[in-house]
Amino acid sequence: MSQRYSAVPVTTFCVLSAAVFGLTAWAARDTWENLGNPAILTGYTLFVLMLLLGFLNARKRLSMLPVGRASVWLAFHVVAGILALAMFWLHTGTIWPVGLYEQVLTGLFYLVSLSGIVGYGLSRMLPRRLAQTEIEIIFERIPAELAEIREKIEALVLECTEKTGSDTVAQHYIGTLSWFFARPRFRISHIVGGDAAGHWLRGPGSAASRYLNDPERAYFDQIIELGELKCLIDRHYACQELLKKWLLVHVPLAMAVILVAVWHLILVNVYAL
């Protein structure tokens, strides 16, 4: 799942971005010195950059086509995003404009930039965390995997009760463990790389082990082993869910920025020129 960056495309994109910014800044200053309006040049350059940034989402939707590696597209998206932020400041000449309409556009632009930075951090951090689990699982399959684990545990509990004649394991499962196995737990801990689930499983989750005889403990150890597997699946659920929900924030914000920017261009061309 991890998208590794190659130094070659990153360096190439950085050089190209620096060249684009330098040439645009030079042309804008030359326009200003000749009593022209440099905002037209910087504005259209910024708008083209916004459209190019949207191509990453289009590439994800057309992943079946041979249009280059995802890591190269992501490297381009990150570098172009930084260039867009610099171009935005070159265009506006300020960090926060005065007019309400300009403030709305600026606020949306900063929000999409901030969500992009957060997403970049998540895309670098979470896949490495998932690789440490040494299992691979598709997000949409996780509910079925958890249901299968619950069925195995309930079968073990029933068999343990029937063969040992003791309901200690069953009572512990109903009173304590069923909460843990009912759904994904300890999401925040999994996201930040903690082991709260493992501590709970080894603590309250295993509290009944001291009261079990050898036949019961054999069944109980199998239940705890399935619990450890569930901890790994819960980690996948927490991290993959966060990556999916982040897209539900970043992509709509990016679309909103482009729509408001299009309206801005229409207003400028109709009323200002």
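See the structure shown above.
Source: prediction; values computed, not measured. (Residues numbered from 1 in each chain as written. Predicted model: local features only at pLDDT ≥ 70, side-chain atom pairs only at ≥ 80, totals over all residues. Heavy atoms only, no water.)

S.K.: Please clarify how the pattern of salt bridges should be interpreted in this entry.
M.R.: Think of it this way: side chains of opposite charge can pair up when their charged atoms draw near. Throughout the structure, instances matching the rule amount to 10 salt bridges. Across the pair Glu140 and Lys244 runs a salt bridge whose closest N-O atoms are separated by 3.7 Å. With Glu140 in the loop between α4 (100-131) and α5 (142-164) and Lys244 in helix α9 (residues 214-272), this pair connects stretches of sequence that are 104 residues apart. On the accessibility criterion, Lys244 (39% relative accessible area) is partly exposed. One network of salt bridges, with partners in common, ties together Arg187, Glu241 and Lys245. (Salt bridge = Lys/Arg side-chain N within 4 Å of Asp/Glu carboxyl O. Helix = DSSP H or I, 4+ residues; strand = E, 2+ residues; numbered from the N terminus. Buried < 20%, exposed > 50% of the residue type's maximum accessible area, 1.4 Å probe, protein only.)

S.K.: What is the right way to read a nonpolar patch on the surface from this model?
M.R.: On the surface, Val262, Trp263, Ile266, Val270 and Tyr271 cluster together into a nonpolar patch covering about 530 Å² of accessible area. Among the structural elements, Tyr271 can be located in helix α9. (Patch = residues over 30% accessible without salt bridge, like charges linked within 9 Å, V, L, I, M, F, W, Y side chains within 5 Å. Areas by Shrake-Rupley, 256 points an atom, 1.4 Å probe, with all protein chains shown as cover.)

S.K.: Any chance you could explain the state of the cysteines here in plain terms?
M.R.: Put plainly, a disulfide is one covalent bond tying together the sulfur atoms of two cysteines. For the structure on display, the rule yields 0 disulfides. Cys231 takes part in no disulfide bond, and the closest cysteine sulfur, belonging to Cys239, lies 13 Å away. (Disulfide = S-S within 2.5 Å.)

S.K.: What am I meant to see in helix α3 (residues 70-92) here?
M.R.: Residues separated by three or four positions in an α-helix point in the same direction, a consequence of the helix having 3.6 residues per turn. Between its first and last C-alpha, α3 extends 32 Å over 23 residues, near the 33 Å set by a 1.5 Å rise per residue. Buried within α3 we find Ser71, Leu74, Ala75, His77, Val79, Ala80, Leu83, Ala84, Met87 and Phe88. Immediately beyond the C-terminal end of α3, within one or two residues, lies Gly93, with a positive phi of roughly 70 degrees. (Expected span 1.5 Å × (residues − 1).)

S.K.: Just checking my understanding: could you explain the layout of surface pockets for this structure?
M.R.: Over the atoms, a rolled probe matching the size of one water molecule traces out where space is still vacant. Volume-wise, the second largest pocket comes out at about 460 Å³. Lining the second largest pocket we find 23 residues, and of these Ala39, Gly43, His91, His264 and Val268 sit closest to its centre. Elements with a minimum of two residues in the lining of the second largest pocket: α2 (38-61), α3, α4 and α9. Here the element with the most residues in the lining of the second largest pocket is α2; it accounts for 7 residues. In the lining of the second largest pocket, the residues fall into 14 nonpolar, 8 polar and 1 charged. (1 Å grid on protein atoms, 1.4 Å probe; cavity = no way out; pocket = protein on both sides within 12 Å on 5 of 7 lines; lining within 4 Å. Points joined across faces, edges and corners; volume = space filled by probe spheres on them. Nonpolar A, V, L, I, M, F, W, Y, C, P; charged D, E, K, R; others polar.)

S.K.: Is there a simple way to explain the nonpolar core in this structure?
M.R.: Within soluble globular proteins, side chains that are nonpolar tend to cluster in buried spots. Judged by nonpolar contacts, the single largest core of 27 residues is most densely connected at Ile153, Leu177, Phe181 and Ile223. Mapped by element, the contributors of at least two residues to this core are α5, α6 (168-181), α8 (196-202) and α9. For this core, the leading source of residues is α9, giving 8 residues. The residues touching Ile223, leaving out its near neighbours within four places in the chain, are Ile153, Leu156, Val157, Val169, Leu177 and Phe181. In terms of nonpolar packing, the next biggest core, distinct from the first, is built from 19 residues, Met50, Leu105, Val257 and Val260 among them. (Core = buried A, V, L, I, M, F, W, Y, C linked by side-chain atoms within 4.5 Å. Contact = heavy atoms within 4.5 Å.)

S.K.: Whenever I open this one, the packing of α3 against α4 confuses me. Can you help?
M.R.: A pair of packed helices is characterised by two quantities: the angle between their axes and the separation of those axes. Between α3 and α4, whose axes approach to 11 Å, the crossing angle comes to 155 degrees. Taken together, the axes of α3 and α4 are roughly antiparallel relative to one another. Two packed elements cross with a definite hand, and for α3 against α4 that hand is left-handed. Between α3, through Val78, Ala84, Leu85, Phe88 and Trp89, and α4, the contact on the second element is made entirely by Thr106, Phe109, Tyr110, Ser113 and Tyr120. Of the residues in the contact of α3 with α4, the class split is 8 nonpolar, 2 polar and no charged. (Axes fitted to C-alpha atoms, helices over the stretch in contact; angles between N-to-C directions. Parallel < 35°, antiparallel > 145°, perpendicular 65-115°, else oblique. Left-handed = near helix turned anticlockwise from the far one by under 90°.)

S.K.: Mind showing me how you'd approach the packing of aromatic side chains here?
M.R.: Two numbers describe a pair of aromatic rings. These are the distance of the centres and the angle of the planes. Per the counting criterion, the structure on display carries 9 aromatic pairs. Ring geometry for Phe88 and Tyr110: centres 5.9 Å apart, planes at 65 degrees, overall edge-to-face. Within this pair, whereas Phe88 is found in helix α3, its partner Tyr110 is found in helix α4, the two being separated by 22 residues in sequence. Assessed through its relative accessible area of 4%, Phe88 is described here as buried. Consider the rings of Trp179 and Phe186, whose centres lie 5.9 Å apart with planes at 85 degrees: the pair is edge-to-face. Classification of Trp179 by relative accessible area gives partly exposed; the value is 38%. (Phe/Tyr/Trp six-rings, centres within 6.5 Å; stacked < 30°, edge-to-face > 60°.)

That's the geometry; what it means functionally is another story.
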